[in-house]
Structures are given as structure tokens and as C-alpha cells.
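Listed below are the residues making up each chain.
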Amino acid sequence: MRQAVYLFAALLAVAGSVAADSIKLQQVDRKINLNSQFARITETVKAKNVGEQPVSELILCQQLNAGAVLSFYKVVDATSKSELSASPKVVEGAPADAVCHSVKLTLAAGDVATVTVNAVLAKAQVPFPAEVTQQDPQLMLYKDNVYVLSPYQVSAQTTEVVTPTSNIKSYTEEKPVSKTDKKIKYGKYDLIKPWTTKQLSVHFENGKSFKHMLTYVKEIEVSHWGNIYVEEKYEIKNAGAQHSGSFSRLKYAHAYNGKGNSFRDLRAVLPASAHSLYYVDLIGNISSSNVRKTLSSTVLELELRYPLMGGWKVDFTIGYSVPLTGFLTRTPAGKRRLSMDLSTPFEDVFVEDAIIKVVLPEGASGIEAILPYDMEKSFETKFTYLDTTGRPVLVLHRRNLASPEHSAKFSVDYSFGAVHTLREPLLLITVFFGLFVAIIAYNRMEFTITRDEKWAAARDREVLATYMEQLQALLEDELTALSNLTRLAGSLKESAHVDSAARERAAGEKRVKDLEDRVKPLLAAVESRSARVAGQVRDVLERSRGLQARVGKLLAERVEMVKKGAAVSEINRKLAPSQEAVAAARRELEGAISTVFGAY
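What counts as what
- Residues numbered from 1 in each chain as written.
- Predicted model: local features only at pLDDT ≥ 70, side-chain atom pairs only at ≥ 80, totals over all residues.
- Heavy atoms only, no water.
- Helix = DSSP H or I, 4+ residues; strand = E, 2+ residues; numbered from the N terminus.
- Rg over C-alpha atoms; globule rule 2.2 N^0.38 Å.
- Buried < 20%, exposed > 50% of the residue type's maximum accessible area, 1.4 Å probe, protein only.
- Contact = heavy atoms within 4.5 Å.
- Lys, Arg positive; Asp, Glu negative; His and termini not counted.
- Charge placed at Lys NZ, Arg CZ, Asp CG, Glu CD.
- Polar contact = N/O pair within 3.5 Å; in protein donor to acceptor, adjacent residues only side chain to side chain.
- Axes fitted to C-alpha atoms, helices over the stretch in contact; angles between N-to-C directions.
- Parallel < 35°, antiparallel > 145°, perpendicular 65-115°, else oblique.
- Left-handed = near helix turned anticlockwise from the far one by under 90°.
- Nonpolar A, V, L, I, M, F, W, Y, C, P; charged D, E, K, R; others polar.
- Salt bridge = Lys/Arg side-chain N within 4 Å of Asp/Glu carboxyl O.
- Pairing = 2+ DSSP bridges.
- UniProt positions renumbered as here; feature names shortened; annotations may be inferred.
- Phe/Tyr/Trp six-rings, centres within 6.5 Å; stacked < 30°, edge-to-face > 60°.

Chemist: I keep staring at the overall build of the protein and nothing clicks. Help me out?
Modeler: A tally of helices and strands in the protein yields nine helices and 31 strands. The C-alpha radius of gyration computed for the protein amounts to 43 Å, which surpasses the reference 25 Å derived for 600 residues by more than 25%, pointing to a less compact arrangement than a globule. Across its three principal axes, the protein shows a C-alpha extent of roughly 120 × 70 × 70 Å. For the protein, the proportion of its 600 residues judged to be buried stands at 42%. Here the contacts in the protein between residues at least 6 apart in sequence split such that 76% fall between residues at least 24 apart. The distance from the centre of the 76 positive side-chain charges to the centre of the 68 negative ones in the protein is 2 Å.

If you want it as C-alpha cells, here you go:
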């Protein structure tokens, strides 16, 4: 058994050696850009299959100094401009600090392919010295390999290092090497053996801000009632050289070199439709904010009360809402699709730990995430107001994100039936219906131990007051209807309006008759409780009928005179006594209503 294992390992080693011997890198051009807090490396690799058999992969490696992490890695075919699949791979013979990737690339015997590698290293620039005062410049030390780290033989290679300033304290001098202003160029080097290493060290000034987000938690809550709520929590650290000594605001404000490696402005680019923005800063370090709207975005600018010096931290929360339009759509399969920004809206930052939570409506199912890059996925449940079973939450997690390389959109597909939209309204209706039923039942229950005459009299007064309130409301409605008929009589001036006036009169009289029909059972109920009060109500009703008769007479006379073509002034003069009689009857009716029903 042990001999079989040894034989299998030997076969793998031979196969790896054969694959390495089959490929030769004819030309490699590297460019290391140190203009920001990252080390952005671009390699143009020209590979040839010098073997007799086709190969299906290309091994590409990158050396990492102590503490550096590979945040972003992308390989593109230089001819077709299409991205090639690259997966991490452990390669025999590689140095311990090397990270290698297997790139899916088919090369027939004798074929040549050119690929472009884009890599972003975070924490690759180390402050040296590690501590500086407020006036000192920030010096960084970057270490790499002069030669391209590869399991293949390299025929020719060049390396170019670009720094943010021309203040370069020292650099590795591996001839041929030349320095001009902000650039250091190594090579060209010929016939480099596999795994050849020679430390590349550059000590230079870098005054850029090293914004590290230690934690970034973004929660997206979807409501099908019209809004998407977004809340983002940040813990940001200035990961540059540690600040030592005292801090002087005066020097910071006036001195040219008093700002050091600090920063006090944060700029977030939010969706153009973002509204209801807010931020929460528990320690009060954010002193002011500004929001600018453009056609393509909403720009949120935050200004810190105290600048963030090297090693200092700040934590805060921002939130906003966006409408469903433009973010929530339907897929051809009938599912709902939510499309949002995945990374942080802040620019030029390194996110050490990112958690994205997508809170979907209660009842959502069949949840699928469409991501631009790999992330850990898990699910949890969140309970908010009016929830019964809880809302499903998709949790995405990834470390070491670089901006803007990881700035991309993602989508979440899920099924959500229309009936689930009515879950909360139906729940509210049920709760309020149950509450009203309980109140009605309570009012109908009797909690007194005995019923004496005083209780019965009080009960009769309460019932009588209820009937009287209903009668008063009906009489006031009747008074309003009669007032409308009176105004109709006053506005009738031409014979052309007689027909429409007749229709409005019929509708008004029907309204009055309906109200009288509703009064009759209430009057009978009042009479069963108190004959004296019923008599008073009848007196009010008689006055109401008298007002009806006068209004009807006034309207009939007005119609007759308009039909005959009488002048408006003549009509008003002849009908003045009738109008005064109507006004007097109305005042009497209002007084009677106030007198009889005012006590109730």
C-alpha cells in the first residue's frame, strides 16, 4: 500500500515537471503601481507551448511579503479580451510566501498566447518608520521579487515600479536598473530560471490616506409597499504610520506639512434615487454633512470634527431609502429580482471584513444569489413589526475587498406570491376587528351586582341621549339639504336652467324624504323612553315641515317667473317676502334644534 502511494506521488511530480517543461514564458512585462494604499500589479505574459502535447492550464504566481494579502486577481486573454478562469493552486517548489493560480488556457503544441494579469495587494506597503509625528512625511516600504515568480523558464522580463512621489529614499539595485522621477525600471533580464528570487525593496514617500474598513455591515430590507431601506455600519481605521506625539489643530489648519497622513473627509456615491438620508455618529466626530444630487448619483460628503490620524478609528452608520423602481424587477421565470450595489459606496478604501444582509419580505422562498465574485452564503431569520414567521435573510460574507476593483452589482432572485403582500393588512384588519368585537362585548356586559331605580334611570338617559344625537344629526342633514334648495332658487335666473333646476329639486326633495323616513323609527324609540321629549321632537319636525313648504313654494314661484321671462330684479323684488319667510323659518328651526337637542 505504501509503495502504491509513493508511486502515485512520483507520477504526479513527473506530470508537473512535464507540464512545466512544456511551457516557456517568452516575455513578461510587469508594472507595479504604488500610487495609492494598494499595490496594483499588471503583468503582460506571453507564453508558448514548447512541448509536443497540448496543455490545458497556465500557472501564474505572485509573491507576498509579510502581512500582505491578495485582494483581487484577474486574468484576461489579451487577444479576445475575455476573462479566464483562475483558481488557487498549491504548486510544488513554490516559495512559502507565494500564491499561485491555475489559469484555464488550452495551448496546442507550438501555440503562443498572451494574457494580462491584474492583481491588487493590500497591506503590502508597510510604514517605515512605523510611527511619525504630525509634521513628518509618511514613508512606506514595499517588498516584492525583482523577477517574475514562475515555475517556468522566462526568456525575457522587465519590471517597472511607479511611486506617488519622486522622494524615493532607497531601492534595490539589481542591474540593469534605472530611475527617472517617480519610476524605477528593472531589466530587461534574460533567461530567468524557474523560481528565481531576488528581493525587491522600495522605500518611498506616500502621503495618501490608508483607509481601512475593519468592519462593513450593509443591511438591505425590501418592502413590497414601495421602498428599499439600506443601512450601512462602518468601523474605519487610518492604517498608515501611527501618529506619535501631540496633535495641534493650529498646525493642522495652517501648516503645509501639518496634516501628515490624516484625512477628515469621507465621500460616498449613492444611487441617484436615494432619499431620506441619515447618519448616526455616537461619539459625535462627524461635525457636518452635505448631499449633492447629480443625474447619475447622490453624493454624500461627511466631514470629521477631528482628522483621523495614523492608527485612529471612527465608527458611524449611514442609511437611506430607494424606490422599488429600477431595483426590483421580474425575471422571465416569474421570480422577483433585486439588483443592488454589493460593495461600499466609499471610494479608495480597503474592506477587511464585509457582511451584506438582504432582508426579504415574509413569505419569500426559492432565494438565489447571483454574485460577481465568490462569497460565503448563509441564511437567518429576522423578526420586525407585524411578522409572524419572520423574514428570510440572505447573509453574504467576504474578506479583503478593494475599491474600486470589487465595486459591482449583485442580484437576488426569489419567489413571492401576491397573497403575501396582503399578509400584514389582513393581520391589522383582524386585530382591529377583534378589538372592536371585544369593546362591543364589553359594553354589552353587565358588571353591577344589583339594579336599582337610579341605575335604570341613568341607563334610560344614556339610551335616550344616543337616540337624540342621531335625530339631531338627521335634522341637521335635512337643514343642509333645504339650504341647498334655497340656494338653487336664488341662482335660477334663465329659462335654459329650468330643467336642470327641476332635476336638482327632485334630488333634494328625495334626500329630504329619505331623512324623514329615517327619523320615524328614532322618534318611536324616543317616545318609548320619554313622551315629553317625543313631543318636543315632534314640534321640531313640524317646524322642519313648515320650512320645507316655504322652500318648495319659493322654488315653484321662481321657476314660474323665470319661465315667463321676468327680469332678475323684478323676480327678486316680488319674491323678497317669500325669501324673508324662508330665512325666518330657518332661524326658528335652528333655534328649536339647539333648544331641544342642546341638552343631549
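Chemist: What am I meant to see in the environment of V222 here?
Modeler: Relative to the helices and strands, V222 resides in strand β17 (residues 211-223). C-alpha of V222 to C-alpha of E362: the two residues are 140 residues apart in sequence and 9.9 Å apart in space. Apart from residues no more than four positions distant in its own chain, V222 is found in contact with N227, L324, L338, V359, L360, P361, R391 and Y414.

Chemist: What's the story with the side chain of R264 in this structure? I'm lost.
Modeler: Relative to the elements of secondary structure, R264 occurs in strand β20 (residues 263-271). Within polar-contact distance, the side chain of R264 engages the backbone oxygen of L304 at 2.8 Å.

Chemist: Sorry, what's going on with the packing of helix α5 (residues 453-491) against helix α6 (residues 498-529) here?
Modeler: Packed helices, taken two at a time, are described by the angle between their axes plus the distance between the axes. Contact geometry for α5 and α6: axes closest at 9 Å, N-to-C directions at 165 degrees. Judged by the inter-axis angle, α5 sits roughly antiparallel to α6. The two elements α5 and α6 meet at a crossing, and its hand is left-handed. Here the residues of the contact of α5 with α6 sort into 18 nonpolar, two polar and 10 charged.

Chemist: Whenever I open this one, the pattern of salt bridges confuses me. Can you help?
Modeler: In a structure, side chains of opposite charge can pair up when their charged atoms sit close to one another. Summed over all chains, the structure comprises 26 salt bridges. Between R267 and E347 there is a salt bridge, with its nearest N and O atoms 2.7 Å apart. In this pair, R267 is assigned in strand β20 and E347 in the loop between β26 (336-341) and β27 (350-359), connecting sequence segments 80 residues apart. With its nearest N and O atoms 2.7 Å apart, the salt bridge here joins R337 to D413.

Chemist: Is there a simple way to explain the sheet that holds strand β30 (residues 391-402) in this structure?
Modeler: Either a parallel or an antiparallel arrangement is found when strands of a sheet pair, and the pairing is made through backbone hydrogen bonds. Taken in spatial order, the seven strands line up as β21-β24-β18-β17-β27-β30-β29 in an open sheet, and their pairing is mixed. Edge positions in the open sheet fall to β21 (275-280) and β29 (376-382), since each of these has one partner strand only. Mean inter-strand twist for the sheet, computed between neighbouring axes without regard to direction, equals 15 degrees. When β21 meets strand β24 (residues 313-323), the two strands line up antiparallel, connected through four bridges. Each bridged residue has a counterpart across the sheet, and for Y278 the counterpart in β24 is G319.

Chemist: Quick question: what am I supposed to make of the UniProt feature "transmembrane region" (unreviewed entry) in the protein here?
Modeler: Look at the UniProt record and you will see "transmembrane region" (unreviewed entry) annotated at residues 425-442. Annotated as residues 425-442, this span is 100% helix and 0% strand, and its ends, taken at the C-alpha atoms, are 25 Å apart.

Chemist: Got a minute to help me understand unusual backbone geometry in this structure?
Modeler: For the peptide bond that leads from G187 to K188, omega is 25 degrees, which places it in the cis range. Take K188: it is sitting in strand β15 (residues 183-192). Residue P404 is reached from S403 by a cis peptide bond, and omega for that bond is 15 degrees. As for its placement among the helices and strands, P404 is situated in the loop between β30 and β31 (409-415). For D181, which is not glycine, the phi dihedral falls at a positive 55 degrees.

Chemist: Got a minute to help me understand the side chain of Q125 in this structure?
Modeler: Following the sequence through the fold, Q125 ends up in strand β9 (residues 125-127). Of the residues examined, Q125 reaches a relative accessible area of 5% and is grouped as buried. Among the polar contacts made by the side chain of Q125, one reaches the main-chain carbonyl oxygen of S36 at a distance of 2.8 Å. Here N206 takes part through its side chain, which lies 2.9 Å from a polar atom of the side chain of Q125. Contacts of Q125, omitting those with residues within four sequence positions, involve L34, S36, Q37, F38, A39, M140, L141, F204, N206 and F210.

Chemist: Honestly, the environment of L464 in this entry has me stumped. Any pointers?
Modeler: The residue L464 is located in helix α5 in this model. Owing to a relative accessible area of 8%, L464 belongs among the buried residues under this scheme. In this structure the C-alpha to C-alpha distance between L464 and R529, which are 65 residues apart in sequence, comes to 6.7 Å. Not counting residues up to four positions away in its chain, the partners in contact with L464 are V526, R529, S530, V533 and Y600.

Chemist: What should I look at first to understand the packing of aromatic side chains in this one?
Modeler: Summed over all chains, the structure comprises eight aromatic pairs. Residues F247 and W312 carry aromatic rings whose centres are separated by 6.0 Å and whose planes lie at 65 degrees to one another, so their mutual orientation is edge-to-face. Within this pair, whereas F247 is found in the loop between β19 (242-243) and α2 (249-254), its partner W312 is found in the loop between β23 (297-308) and β24, the two being separated by 65 residues in sequence. For F247, a relative accessible area of 24% puts it in the partly exposed group. Arranged with centres 6.4 Å apart and planes meeting at 40 degrees, the rings of F432 and F436 form a pair that is tilted. You can see F432 and its partner F436 sitting in helix α4 (residues 423-444), four residues apart, about one turn around the helix. Given the relative accessible area of 43%, F432 is considered partly exposed. Judged by relative accessible area, F436 falls into the partly exposed class, the value being 47%. Members of the aromatic cluster, each reached through a chain of ring pairs, are Y216, Y234, F316 and F346.

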